[in-house]
Structure formats: C-alpha cells, structure tokens
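So the chains spell out like this:
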Amino acid sequence: MSIDKLVVTHHGALIKKYGTAGVQRITKALRTLITADKRRGLITAVVHLDVAADMTGAGQAVAAVADAKACKQAIDRLCKAHDPHYVMLLGGPDIVPMVPVRNPAWSDKDGDGDQVVPTDLPYACDTAYSTNPNRFLGPTRVVGRLPDVIGNTDSSLLAQLITAAARAEPRAPEDYQSGFSITAQAWQASTELSLKNILGTTDALHSVPPEGPAWSKGQLSARVHFINCHGADASSQYFGQPPGVEEFPVAHDAKRLRDRVSAGTVVAAECCYGAQLYDPKDAGGQHGIALAYLLDGASAFFGSSTIAYGPSEGNASADLICQFFLQQVLSGASTGRAALEARQKFAGARTHLDPYDLKTLMQFYLLGDPSLHPVSTSGHALTRTAAFKKAFAKTRDRSVRGLRREKLIREGSHLAKAMPALEPIDTAPSTSVAKTLAAMAKETGLTPSQQTRMSFAVQPMAKTKVAANPSTRQVHVIKGPVPQGSNAAGVVRIVAIVATEDDGELLHVRRLHAR
Amino acid sequence: MSDDCTPAEAPQTVHGRVVLERTAAGSKSEREAVMLDMGGAGKLLLRRVGGHPLRDAVLHTWVGRTLTLKGWRREGFFLVDGLVAAPGDAAAKDHNPE
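Residues numbered from 1 in each chain as written. Chains lettered and ligands numbered in written order. Predicted model: local features only at pLDDT ≥ 70, side-chain atom pairs only at ≥ 80, totals over all residues. Heavy atoms only, no water.

1. Remarks on the overall build of chain A
Link 1 in the chain: On a plain count of helices and strands, chain A comes out with 12 helices and 19 strands.
Link 2 in the chain: Relative to the compact-globule value of 24 Å for 515 residues, chain A shows a C-alpha radius of gyration of 23 Å, a close match.
Link 3 in the chain: Its C-alpha atoms give chain A principal-axis dimensions of roughly 65 × 55 × 50 Å.
Link 4 in the chain: The buried share among the 515 residues of chain A stands at 57%.
Link 5 in the chain: Counting every atom, chain A has about 20500 Å² of accessible surface; 52% of that belongs to carbon and sulfur. (Helix = DSSP H or I, 4+ residues; strand = E, 2+ residues; numbered from the N terminus. Rg over C-alpha atoms; globule rule 2.2 N^0.38 Å. Buried < 20%, exposed > 50% of the residue type's maximum accessible area, 1.4 Å probe, protein only. Areas by Shrake-Rupley, 256 points an atom, 1.4 Å probe, with all protein chains shown as cover.)

Structure, rendered in structure tokens:
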C-alpha cells in the first residue's frame, strides 16, 4: 500500500524527553491523526528513524542519539522508498534536529551574527546532506514540522498539537477573507504593499506604535495573520518601532494569545527569529509566539529561524516569501504545498540569489501539519457527478495530488540544476563597477574608511550549458555606517549596497536600508 | 524569577568592557546593541534575564564600564543574570536583576 504522508520522529529522543508514559500519550494522539487522515483520503505512517522495523526498505535505522546528518540521510532514504506526498517532522529540534546550514550573509563586523541558519529546507530537497546553502536551491518535497517545546517534559502539549491537526477541517474561503496584520510603524509602507498583494486591502493593518500589544479577541479572530515586526533571539514577543527612532515597544506577546486564536488560523511572520524554537528557560519560561499560535488552534505558522531581511518600503526577501506562502494557502493549497511553492517561486524569480535572499530561502519554514488544507476549494462541475465519484472512489485525491507533486518535483529539480551557487571570493569589483559603487556609496553617505565588502562568484551548477564557460558574474556587498542627519541622538545606520556585475559590467544594484 | 524559569546549568562569568555597537546590519534586527568586548576573546551580545531583548535601559547604563558578568552563554547572545561586583564598584549592587 502506498503511503501518502510520513510522520517522521525519533523514538529514543521522545523517550528521553517524555518517558514511556509520555510517549504513550503521543502514540495515542498519533493514532487519532492516522484515523483522521484516513477519513481525508490519506494513508499515514509513523516512522521512528531509530527503529529498525519502521525503516524497513529504507536502509539502517539511525543511532540512539542522531544528528542532523543522520536524520537527513534517513529521511532521504524514506522518501526514495515511499515517495510520500507529505513529510511531517514530529517534535522540535531536540527530537528531529534542524540542519545547521552556513549563513551566506554572516559577517563579523556590523553584520548578521548568525553563523549558521538552522533550517528544515534540506529535508525538502533530494540533494545529499550538506551545510552549504547552495545545495538546497531546488526543493521538491512537501515538508512541515509539528513542533514541541524544547526542554519540556510534559508530552501533553505535543499530543494536543497532534490532536488539533487531526481535528482540523477545511473552511470556506469566506472565512479567510478578513485578516489581522501588525507592522512596525517604520515599515508600514512595505507592509501595506504586502497586504494588498495578499488580501487586496490594508483594512486589517495595525501599526505599532501607537497600537498594541493588547489585541482584542475580535481582532485576533481573523484567520489570516500577517506580521511584519521586529523579533529577537529567544524572545516570546515581537516589537514595533517608530520611524527613525530606536524604540521597540511590544507589538505582540505569546502570553496574550491564549484562547484568542481562531481554529484554522494561518500565520506568516516576517520577524527576525519569528518562528524560532528555543528553550523557554532562556525567555523567562515562556515559549515563542509560533508555538503559542499553534497551541491555541492555528493550523500553520510560516516564519524565520534567524535574522531576516526586508526593506522599509517596497517588497523584497522576507516580504515576498511570506506573501507567496499566504497566497498559496488562500488559493486552497495544503500548508505544506504552499510552503514548497513559496520557496520555489522565491528562488525561481531570480537569475541568482544574493546572500540575503539565499538566507531568506533557508530560514523560512513551516510549523504545522503540512497536509492540512485550511481553505476549501470547490472542484469543477464534473467532480460532483456520480460517474466522477465512482471513478475516484478508491484513490480520492491521491491521483490528482500525484500530478501536482510531479509538477513540483519538476520545478524543484529544474531549480536545483539551473540556479547558480554563490561562492565567497576575495576578488574586488572591476574598476568601472568599483567607480560606480563608490559614487553610490558616497551619495548614500558611506565613508570609504568605514566600509566593508563581501564578494561572491555566481557559479553555474555543473550540468548546465552555461557551466561550460567560466563564470564572470559576481555579487559584491558594500556595507557601512551612515549617520542619520536628522537624528539628534547621533544614531548611525548601516546601509548595504548589493551589486551584481558580469564581465566588468554592472547589471543590477539594490540597497538594503537600515531601520 | 523562579528557578523553573532560568537555565538549569550553572552560570558562568565573562569579563570585558561594555560597548554600544551597531549589529545585524541591513536586517530586520538592525540596532544599536549593548555588547561585551572581551578583547582577544571577541564580543558578546548582551541580554538581561527579564530585560527587553532589543533595547534594555539597564544594559545601556553599563556602557563604558569594565565589568564581570554572570550568566549563560547562548548561540547568539550572553544571558546576563547579574554583575559580579568589582572592588569599589557599588553600582553593581544597583543593577543586579531581581
């Protein structure tokens, strides 16, 4: 019998964390999920990566204590053996580790301090384990993570999330017409643009300051939440910011979500660390906002594990990948397919990814059961005929889902082959490009003595025709502090100019504004 | 704060000069952050137990001082549980978290 959905976890890690009785509670909840999935037309199998019987046909079980590499390799073998339409990682990173991928935007001066990006993206790719982000440009699998709380020893929270996934049902598109959005005031223009692209209106927008964080039940009851605020490492709050001022009032608080979130809510949060899974002991005992949403009934949370990027005006990076995710959910996709399609669309929209977009692709991931369809879709008229129902009585959605997966695999495989890699180099920009960049830097207010530069070669993947010729394309990032003239406190902002050159010619340039 | 809400492992101490520095350039986290400059041992982003993670007024009062801090080293920051008072540093008593 073919398996539609694989629930992947690690028995030894669950036992160590929850004990035998705790695991029994999780197993019971999983039986409920399997039954519910069957009703939805899904054959679901739970696979403990460290249990040999579960891994039959997919190679050796992983060790009693397994690292990300072992888990990635085992999941690759499982996907090859079963070709599932959905892969659900069960538990937080202390059960199934995230893959620690190198951060291409890392810089030790003025910069992005995340040396690695913990990510589930590699599990969605059929390429071998690596910590090189360039290996994961072509995701093909529908993957999500139903997390638990790091360090927690009470399995009831994970059991609750599994049971909630079992109970989830698609709702009419009308139920997702209204939204709830929070923005840092400083980024209002960007958030307005995002909201228009997602919901067609900015009616749902709330700016912090002056509003927040005591959102009413009525405000939070909307089923589409889009959040563009500051976040922080191991923090249970998001923060707003007035334009041009370094004040960060609380915008959203995990403590204030209880009993306020509607069942089936879907959230995309652009915030730095917006979906980070951390040990609550580092945050006064409070788990993060993403978990708070899921525990209160949300079906999906799409967010970042680390520091994220986006402009204060216009849309780029985090804005785009979050928009793509919500747009796909609203069009009736499963949350997992929406995440995969968002990743593919984000990667495929460009000839190459600069270090900030490459990090964006790595860091955004889905928390929640990837097989859930929050928004129902009505099929074409033929689907309501007796002949149609009879023809597909046994396979139900499996056959058409299989066709969708074929397309997604084709798209992902193409991206993996076609998207060039970004390799750090010491080469400086060509003379003419350097001259242009110097002029741009001067007009931006960057002082030459305080600038730093990161450069990358854009390397075509080996099997493409382009690869026959050596690459002359490079990406250069020039970064430095810029005094804010109108700011009486003498606050300086870092500005990064990202330039693409080819054979000495400047092709493209963008400026990442400080906030 | 109860013991339940603090890391289980024993705290460690770090020593250095507290400085204000731009961090996470160009990202959604960019800000003036309070860091501990430990000289050759590098710099640590500081967070105080129970303090605002992005702008903590108490940490800002430490800028410019050379201090020994007690707390826990994390992936991206040092979680400060308190100051280890240096001889004659009466201010340390005022700034230790409850």
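2. Here we look at unusual backbone geometry
Residue and element names in this part refer to chain A.
Link 1 in the chain: In this chain, valine 208 is followed by proline 209 through a cis amide linkage whose omega measures -10 degrees.
Link 2 in the chain: Counting through the fold element by element, proline 209 comes out in the loop between β8 (205-208) and α5 (217-220).
Link 3 in the chain: A cis amide bond, omega 15 degrees, links proline 209 with the succeeding residue proline 210.
Link 4 in the chain: Positive phi values are uncommon outside glycine, yet aspartate 259 reaches one of about 65 degrees.
Link 5 in the chain: The residue aspartate 259 is located in the loop between β11 (250-253) and β12 (266-269) in this model.
Link 6 in the chain: With a phi angle near 50 degrees, aspartate 503 is a residue other than glycine that sits in the positive phi range.

3. Examining the interface of chain B and chain A
Link 1 in the chain: Contacts between the two partners involve 26 residues from chain B, matched on the other side by 35 residues from chain A.
Link 2 in the chain: When chain B packs against chain A, the two sides together hide about 2500 Å² of surface, and 54% of this comes from carbon and sulfur.
Link 3 in the chain: Seen at the junction of chain B and chain A, the total is three salt bridges.
Link 4 in the chain: Lys28(B) is paired through a salt bridge with Glu270(A); the nearest N and O atoms lie 3.2 Å apart.
Link 5 in the chain: Where chain B packs against chain A, one counts 11 residue pairs in polar contact (both at pLDDT 80 or more). (Contact = heavy atoms within 4.5 Å. Buried area = accessible area lost by both parts, 1.4 Å probe. Salt bridge = Lys/Arg side-chain N within 4 Å of Asp/Glu carboxyl O. Polar contact = N/O pair within 3.5 Å; in protein donor to acceptor, adjacent residues only side chain to side chain.)

4. Looking at the environment of Val96(A)
Residue and element names in this part refer to chain A.
Link 1 in the chain: Structurally, valine 96 can be placed in the loop between β3 (86-90) and β4 (99-102).
Link 2 in the chain: The class of valine 96 is buried, set by a relative accessible area of 0%.
Link 3 in the chain: Distance in space between the C-alpha atoms of valine 96 and alanine 66 is 8.1 Å, their sequence separation being 30 residues.

5. Describing the side chain of Ser371(A)
Residues and elements named next belong to chain A.
Link 1 in the chain: When you line up the elements, serine 371 lands in the loop between β14 (364-367) and α10 (386-391).
Link 2 in the chain: Classification of serine 371 as buried rests on a relative accessible area of 5%.
Link 3 in the chain: A polar contact is formed between the side chain of serine 371 and the side chain of lysine 5, at a distance of 3.0 Å.
Link 4 in the chain: In terms of polar contacts, serine 371 uses its side chain to reach the side chain of aspartate 369, at 2.8 Å.
Link 5 in the chain: Those residues in contact with serine 371 that sit more than four places away from it in its chain are Lys5, Asp37, Leu42, Tyr86 and Ser334.

6. What to know about the pattern of salt bridges
All names here are of chain A.
Link 1 in the chain: This model, assessed by the stated rule, comprises 27 salt bridges over all chains.
Link 2 in the chain: A salt bridge links arginine 473 to aspartate 502; the shortest N-O distance between them is 3.0 Å. A residue pair is termed long-range when its members are at least 10 positions apart, and arginine 473 in strand β17 (residues 473-483) and aspartate 502 in strand β18 (residues 492-502) qualify at 29 residues.
Link 3 in the chain: Overall, the relative accessible area of 19% leaves aspartate 502 in the buried class.

7. Comments concerning the packing of helix α4 (residues 188-199) of chain A against helix α7 (residues 317-330) of chain A
All names here are of chain A.
Link 1 in the chain: Relative orientation of the contacting elements α4 and α7 amounts to 20 degrees, with a least axis distance of 9 Å. As judged from the angle between their axes, α4 and α7 are roughly parallel. Considering only the axes of α4 and α7, their crossing is right-handed. Residues Ser190, Ser194, Asn197, Ile198 and Leu199 of α4 touch α7, and the partners they reach there are Asp319, Gln323, Leu326, Gln327 and Leu330.
Link 2 in the chain: The residue makeup of the contact of α4 with α7, split by class, is four nonpolar, five polar and one charged. (Axes fitted to C-alpha atoms, helices over the stretch in contact; angles between N-to-C directions. Parallel < 35°, antiparallel > 145°, perpendicular 65-115°, else oblique. Left-handed = near helix turned anticlockwise from the far one by under 90°. Nonpolar A, V, L, I, M, F, W, Y, C, P; charged D, E, K, R; others polar.)

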